Amino acid sequence: MWLADNWKDYQVIDCSRGEKLERWGNYLLVRPDPQVIWDTPREHKGWRHMNGHYHRSAKGGGEWEFFDLPEQWTIGYRGLTFNLKPFSFKHTGLFPEQAANWDWFGDKIRQANRPIKVLNLFAYTGGATLAAAKAGASVTHVDASKGMVAWAKENAVSSGLADAPIRWLVDDCVKFVEREIRRGNHYDAIIMDPPSYGRGPKGEIWKIEDAIHSLVKLCAQLLSDDPLFFLINSYTTGLAPAVLTYMISLEVVSKYGGHVDSQEIGLPVKETGLVLPCGASGRWEK
């Protein structure tokens, strides 16, 4: 398992009865987590003195209950600054476990000693985009949500990367990739963080189990002659690490060689010393 264990501004303090207690900077949040199936004593005082609590509804969805929490605040990670704001379906605008991948590909970009072009698909609020840009890459950031792309731009400004070579695009990721193939464009690295289910700007439906392999196949056509890495994240579905390895091997290793490693990714839990699993990632590199 790959651990996101270099955070100072974020921490999973405890988890019990379907929820996790987290510290986001100076604030404590309690949010649901489907992996937390155990019932352990909630001894940490944060369970009784949280700043925000997301209550899941039995009918699906849910709502936030706030106790002295600002509408927006920031946390930092290795020179990057992220703007947080609790919004629909329990999210804050950041997936901290992805720092395990930011560290990995950031090192690869810095050590490449050449210009690196990165394509970040389903790029959300830009965590991976900013980590790649800070490492020295030029990045094309694609997400179907105009609001998420605007949020990512805010994070770029807060991180001192307003003038970094980042191309911001609101677009359907599959259609963008198809157009890039027709245009003959290529990238040295591709990152994709697809949702299990989503809709494009014009209502296009995306289901990961139906669409992910064909997208990987398309993306393999966008890789340059000397690609650096290919990364797929899967945190909201039951796709096992071995499935990611198999899929990337079929489409990328067969053409470029190299090797694939896929693992669960996780966050350390302070109170127990155990690790909370947060999905899986598949990494290809030469």
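Before reading on, note that the structure itself is shown above.
The structure displayed is predicted, hence computed values, not measured ones.

Thoughts on helix 2 (residues 127–134)
Burial analysis of helix 2 places 7 of its 8 residues in the buried class, which makes it a mostly covered element. Taken as a whole, helix 2 has its buried residues at Gly 127, Ala 128, Thr 129, Leu 130, Ala 131, Ala 132 and Ala 133.

Some thoughts on the pairing of strand 12 (residues 189–192)
Because side chains alternate across strand 12, one face comprises the buried residues Ala 189 and Ile 191, and the other comprises Ile 190 and Met 192, equally buried. In the sheet, strand 9 (residues 117–121) pairs with strand 12 via 4 bridges, with the strands oriented parallel. From the neighbouring strand, Leu 121 faces strand 12, where its bridge partner is Met 192. Strand direction decides the pairing type here: strand 12 and strand 15 (residues 229–234), joined by 4 bridges, are parallel. Within strand 15, the position partnered with Ile 190 by the bridge is Phe 230.

Focus on the nonpolar core
Within the largest apolar cluster, 49 residues are counted, with the highest numbers of intra-cluster contacts made by Trp 7, Trp 102, Phe 105, Ile 109, Val 118 and Phe 229. Among the elements that make up this core, the one with the highest residue count is helix 1 (residues 99–112) (6 residues). Setting aside residues up to four positions removed in sequence, Trp 7 forms contacts with Ile 75, Gly 76, Tyr 77, Phe 82, Leu 94, Pro 96, Ala 99 and Trp 102. If you look at the next biggest cluster of nonpolar residues, it comprises 31 residues, including Leu 121, Ile 190, Val 216 and Ile 232.

A short note on the sheet that holds strand 10 (residues 138–143)
Judged by pairing direction, the sheet is mixed, and its 8 strands sit side by side in the order 1-16-17-15-12-9-10-11 without closing on themselves. Two strands lie at the open edges of the sheet, namely strand 1 (2–3) and strand 11 (166–170), each paired on one side alone. Contacts from helix 3 (residues 146–158) reach strand 10 and strand 11 within the one sheet, and its direction differs from that of strand 11 by about 160°.

Comments concerning the packing of helix 5 (residues 208–220) against helix 6 (residues 241–256)
Two elements in contact, helix 5 and helix 6, have axes separated by 9 Å at closest approach and are oriented at 15°. By the angle class used here, helix 5 and helix 6 are roughly parallel. Crossing of helix 5 against helix 6: the hand is right-handed. Every residue of helix 6 that contacts helix 5 at Ile 212, His 213, Val 216, Lys 217 and Ala 220 is listed here: Met 247, Leu 250, Glu 251, Lys 255 and Tyr 256.

Some words on the sheet that holds strand 2 (residues 10–16)
Sheet strands associate in pairs through backbone hydrogen bonding, adopting either a parallel or an antiparallel arrangement. Pairing within the open sheet is mixed, and its 5 strands lie in the order 2-3-4-5-6. Only two strands of the sheet have a single neighbouring strand rather than two, namely strand 2 and strand 6 (62–66). On average, adjacent strands in this sheet sit at an angle of 20° to one another, irrespective of strand direction. Direction of pairing for strand 2 relative to strand 3 (residues 19–24): antiparallel, over a ladder of 6 bridges. Looking at strand 3, one finds that Tyr 10 is bridged to Trp 24.

What to know about the pairing of strand 15
The element strand 15 is extensively covered by neighbouring structure, given that 6 of its 6 residues are classed as buried. Residues Phe 229, Leu 231 and Asn 233 point to one face of strand 15 and Phe 230, Ile 232 and Ser 234 to the other, with burial holding for every one of them. By the bridge criterion, 6 bridges tie strand 15 to strand 17 (residues 275–285) in an arrangement that is antiparallel. Each bridged residue has a counterpart across the sheet, and for Phe 229 the counterpart in strand 17 is Glu 285.

A short note on the environment of Gly 106
Following the sequence through the fold, Gly 106 ends up in helix 1. Each C-alpha atom, one on Gly 106 and one on Ala 135, is 5.3 Å from the other, the two residues being 29 residues apart in sequence.

Quick word on the pattern of salt bridges
Applying the stated rule across the entire model yields 14 salt bridges. Across the pair Asp 226 and Arg 114 runs a salt bridge whose closest N-O atoms are separated by 3.5 Å. Taken together, the positions of Asp 226 in the loop between helix 5 and strand 15 and Arg 114 in the loop between helix 1 and strand 9 put the pair 112 residues apart, joining distant regions of the chain. On the basis of relative accessibility, which here comes to 39%, the residue Asp 226 falls in the partly exposed class. Asp 226 serves as the salt-bridge partner of Lys 286, at 3.9 Å between the closest nitrogen and oxygen. Taken together, the residues span a long stretch of sequence, with Lys 286 in the segment after strand 17 and Asp 226 in the loop between helix 5 and strand 15 at a distance of 60 residues. Three or more residues are tied together by salt bridges with common partners; here these are Arg 114, Asp 188, Asp 226 and Lys 286.

Scoring rules and cut-offs
Residues numbered from 1 in each chain as written. Predicted model: local features only at pLDDT ≥ 70, side-chain atom pairs only at ≥ 80, totals over all residues. Heavy atoms only, no water. Buried < 20%, exposed > 50% of the residue type's maximum accessible area, 1.4 Å probe, protein only. Helix = DSSP H or I, 4+ residues; strand = E, 2+ residues; numbered from the N terminus. Pairing = 2+ DSSP bridges. Core = buried A, V, L, I, M, F, W, Y, C linked by side-chain atoms within 4.5 Å. Contact = heavy atoms within 4.5 Å. Axes fitted to C-alpha atoms, helices over the stretch in contact; angles between N-to-C directions. Parallel < 35°, antiparallel > 145°, perpendicular 65-115°, else oblique. Left-handed = near helix turned anticlockwise from the far one by under 90°. Salt bridge = Lys/Arg side-chain N within 4 Å of Asp/Glu carboxyl O.

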